[in-house]
Amino acid sequence: GNFLVSWFSWYQDGSNYGVYGQIITPELEFVGAEFQLNEYTVGNQYHQTIVPLESGGFYGLWYSSQYAGLNLREFDSLGNPVGPETHTGIKNYKNYCDIVKPDAVNIDYEIDPVSICREIKIPVQGGLDPKVLLTDKENLKKETLKYLNIFKDHPYIFNLGHGVLPETNPDMVDYLVKTVKDY
């Protein structure tokens, strides 16, 4: 059958990050247009996941910085919303992982990495604030090593907590990659 690709995108909805989806056939053809999972656009919406339903539809789930918790919305098999966005009141990654049961979880820079390492046993990705790349090499190395040291005994994929900012000096990205590789 078809599959669904989801992502979060900077300023596509006019307010920081929003979450989107696109249904694709096994022949890699788009079914309809891409669609937005989140109804409310204030603040950041990210760390989305998709939960399939027996009906062929699905739930889109994501974390909202505006509501400081997990939001969800039901969609039919074509990506049309079945109802409004729901704010679940779930405000932490441990609860999110207990409910959604992902294979891995991505964190951003607003999340305490020490508590994530202590509370979540699945692989973790991300965390470093991309604005650190706008500072100097000494600070970049310090912040990078902080994440690497915290997760040294935990399944971890080093990554930024969000994407590289347009004004980032490519030399800083190169330095970051070398710092991680040399760890």
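Here, the structure is the one placed above.
Residues numbered from 1 in each chain as written. Predicted model: local features only at pLDDT ≥ 70, side-chain atom pairs only at ≥ 80, totals over all residues. Heavy atoms only, no water.

A tally of regular secondary structure across the protein gives four helices and ten strands. Counting from the amino terminus, the protein carries its helices and strands in the arrangement β-β-β-β-β-β-β-α-β-α-β-α-β-α. Taken against the 2.2 N^0.38 rule, which gives 16 Å for 183 residues, the C-alpha radius of gyration of the protein at 18 Å falls within 12% of a compact globule. In terms of overall dimensions, the protein has a C-alpha envelope of 50 × 35 × 35 Å along the principal axes. Counting all 183 residues of the protein, 42% fall into the buried class. In the protein, 43% of the contacts between residues at least 6 apart in sequence involve partners at least 24 apart. Element-wise, carbon and sulfur atoms account for 53% of the exposed surface of the protein, whose accessible area totals about 10,000 Å². Treating the 14 positive side-chain charges of the protein as one cloud and the 24 negative ones as another, the clouds have centres 11 Å apart. (Helix = DSSP H or I, 4+ residues; strand = E, 2+ residues; numbered from the N terminus. Rg over C-alpha atoms; globule rule 2.2 N^0.38 Å. Buried < 20%, exposed > 50% of the residue type's maximum accessible area, 1.4 Å probe, protein only. Contact = heavy atoms within 4.5 Å. Areas by Shrake-Rupley, 256 points an atom, 1.4 Å probe, with all protein chains shown as cover. Lys, Arg positive; Asp, Glu negative; His and termini not counted. Charge placed at Lys NZ, Arg CZ, Asp CG, Glu CD.)

Further remarks concern the pairing of strand β1 (residues 3-10). Judged from the eight bridges that link them, β1 and strand β2 (residues 17-24) form a sheet pairing that is antiparallel. Bridging from a neighbouring strand, Ser9 pairs with Gly18 of β2. Hairpin geometry of β1 and β2 is characterised by an intervening segment of six residues between the two adjacent antiparallel strands and by a positive phi of about 60° at Tyr11. (Pairing = 2+ DSSP bridges.)

On to unusual backbone geometry. Backbone geometry places Tyr11, a non-glycine residue, at a positive phi of 60°. On the secondary structure map, Tyr11 appears in the loop between β1 and β2. Positive phi, close to 55°, is recorded for His47, a residue that is not glycine. Its location among the elements puts His47 in strand β4 (residues 45-52). Residue classification places His47 among the buried positions, given a relative accessible area of 6%.

The strand order β8-β9-β10 describes an open sheet built from three strands, whose pairing is parallel. At either margin of the open sheet sits one strand with a lone partner, and together these are β8 (105-107) and β10 (156-157). As paired strands, strand β9 (residues 124-126) and β10 are joined by two bridges and run parallel to one another. Looking across to β10, one finds that Val124 is bridged to Tyr156.

Turning next to the pattern of salt bridges. For side chains bearing opposite charge, pairing can occur when the charged atoms are close. Throughout the structure, instances matching the rule amount to four salt bridges. Of the charged contacts, one joins Lys142 and Glu143 as a salt bridge, the two residues approaching to 3.6 Å between their closest N and O atoms. In this structure, the salt-bridge partner of Lys178 is Asp174, at a minimum N-O distance of 2.9 Å. Separated by four residues within a single helix, Lys178 and Asp174 lie in helix α4 (residues 170-182), roughly one turn from each other. If you follow the salt bridges from partner to partner, you end up with Lys142, Glu143 and Lys146 in one network. (Salt bridge = Lys/Arg side-chain N within 4 Å of Asp/Glu carboxyl O.)

Looking now at the side chain of Gln22. By the secondary structure assignment, Gln22 is in strand β2. By relative accessible area, which is 7% here, Gln22 ends up buried. In terms of polar contacts, Gln22 uses its side chain to reach the backbone carbonyl oxygen of Gly32, at 3.2 Å. Excluding anything up to four places from it in sequence, Gln22 contacts Phe3, Leu4, Val5, Trp7, Phe30, Val31, Gly32, Ala33, Glu34 and Phe35. (Polar contact = N/O pair within 3.5 Å; in protein donor to acceptor, adjacent residues only side chain to side chain.)

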